[in-house]
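# Residue-level structure breakdown
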Amino acid sequence: MLEFTMSRVVLCICGVVLLGAAAVPFSGICSSEEDVWMTETADSIAGTIDGFYRSEADTMTLRGWDMLPDAGCYFSVEGRLVILCDGEKEYISPISCASECFSLRYDGTVTLKRSGTGIAPA
């Protein structure tokens, strides 16, 4: 009877070790998927700004809740870079036009205007 109980205890311990070994890579996969998603969001914001610059429109209004994934995120544009922050990490994407510095939070809006060499907040 003791051998049966000990074999079950050892089997449970091995199961926990295998489960722990599988959980670590899975958490890394989930983290990298979030990084990819945030990088794609930064690229999308940069594409929107570049598209506005190449268009014939004079002004464009950006709303944070339409562009950002959640309330903890914000982005800023500095020169030729879009910097998306989620509170912990920064994701950077280049833009082709020069820009004056501005930032946008989830609950804010910003109106942009085209200038001679780039864009600027209105």
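The residue numbers shown here count from 1 along each chain, following its written sequence. At least 70 in pLDDT is required for a residue's local features to be given in this predicted model, at least 80 for side-chain atom pairs to be given and counted, and no such filter applies to totals for whole chains, interfaces and linings, which use all residues. To obtain the side-chain values, all non-hydrogen atoms of the structure were used and water was disregarded.

Here the focus is the nonpolar core. To form a nonpolar core, buried Ala, Val, Leu, Ile, Met, Phe, Trp, Tyr and Cys residues must be joined to one another through side-chain atoms within 4.5 Å. Working definition: with a 1.4 Å probe on protein chains only, accessible area under 20% of the residue-type maximum means buried, over 50% means exposed, and in between means partly exposed. Counting residues in hydrophobic clusters, the biggest one holds 23 residues, and the most contacted among them are Ile49 and Phe75. Secondary structure follows DSSP: runs of H or I at least 4 residues long count as helices, runs of E at least 2 residues long count as strands, and numbering of each begins at the N terminus. Every element with two or more residues in this core is listed here: helix 1 (2-54), strand 1 (59-63), strand 2 (74-85), strand 3 (90-105) and strand 4 (109-114). Element by element, the count of residues in this core is highest for helix 1, at six residues. Should any heavy atoms of two residues lie within 4.5 Å, those residues are counted as being in contact. Every residue in contact with isoleucine 49, bar those within four places of it in the chain, is listed here: Phe75, Val77, Val82, Ile95, Cys97, Phe102 and Ile119.

Time to look at the pattern of salt bridges. When a carboxyl oxygen of Asp or Glu is within 4 Å of a side-chain nitrogen of Lys or Arg, the pair counts as a salt bridge. Applying the stated rule across the entire model yields two salt bridges. Here aspartate 35 and lysine 89 are joined by a salt bridge, their closest N and O atoms 3.1 Å apart. Residue aspartate 35 is found in helix 1, and its partner lysine 89 is found in the loop between strand 2 and strand 3; the two are separated by 54 residues along the sequence. Classification of lysine 89 by relative accessible area gives partly exposed; the value is 36%. The closest approach of N and O atoms between aspartate 66 and arginine 63, which form a salt bridge, is 2.6 Å. Judged by its relative accessible area of 47%, aspartate 66 falls in the partly exposed class.

Let's shift gears to the environment of tyrosine 91. Position of tyrosine 91 among the secondary structure elements: in strand 3. Classification of tyrosine 91 by relative accessible area gives buried; the value is 7%. Sequence separation of tyrosine 91 and aspartate 43 is 48 residues, and the distance between their C-alpha atoms is 9.1 Å. Contacts described as polar in this section are N or O atom pairs within 3.5 Å, which, within protein, must combine one atom able to donate a hydrogen with one able to accept it, while residues neighboring in sequence count only if both atoms come from side chains. Within the structure, the side chain of tyrosine 91 is placed 2.8 Å from the side chain of aspartate 35, a separation counted as a polar contact.

What follows covers a nonpolar patch on the surface. Patch definition: residues with relative accessible area over 30% and no salt bridge; like charges joined within 9 Å; nonpolar side chains (Val, Leu, Ile, Met, Phe, Trp, Tyr) joined within 5 Å. Here the accessible surface of atoms and residues is derived via Shrake-Rupley with a 1.4 Å probe, and residues count as covered only by protein chains that are part of the display. There is a patch of nonpolar side chains on the surface, built from Val9, Ile13 and Val17 and spanning about 260 Å² of accessible area. Residue placement: valine 17 occurs in helix 1.

Here five strands make up an open sheet; going across it, the order is 1-4-5-3-2 and the pairing mixed. Strands with a single pairing partner mark the edges of an open sheet, and in this sheet they are strand 1 and strand 2. Across the sheet, the mean angle separating the axes of adjacent strands is 30 degrees when strand polarity is ignored. In this structure, strand 3 lies alongside strand 5 (residues 118-121), joined through two bridges in parallel fashion. Considered in strand 5, the bridge of serine 99 is made with isoleucine 119. Each pair of strands is called paired provided DSSP finds at least two bridges between the two strands. Only C-alpha atoms enter the line fits that serve as axes; for helices the fit covers just the stretch in contact. Angles between N-to-C directions range over 0 to 180 degrees.

Within the secondary structure, serine 76 sits in strand 2. The contact partners of serine 76, leaving out residues within four places of it in the chain, are Leu81, Val82, Ile83, Phe102 and Ser103.

This part is about the confidence of the model for the protein. pLDDT: the predictor's confidence for each residue, scored from 0 to 100. Of all residues in the protein, 87% attain a pLDDT of 70 or more, and the chain-wide mean is 85. Within the protein, helix 1 has the poorest average pLDDT of any element, 78, and strand 1 the best, 94.

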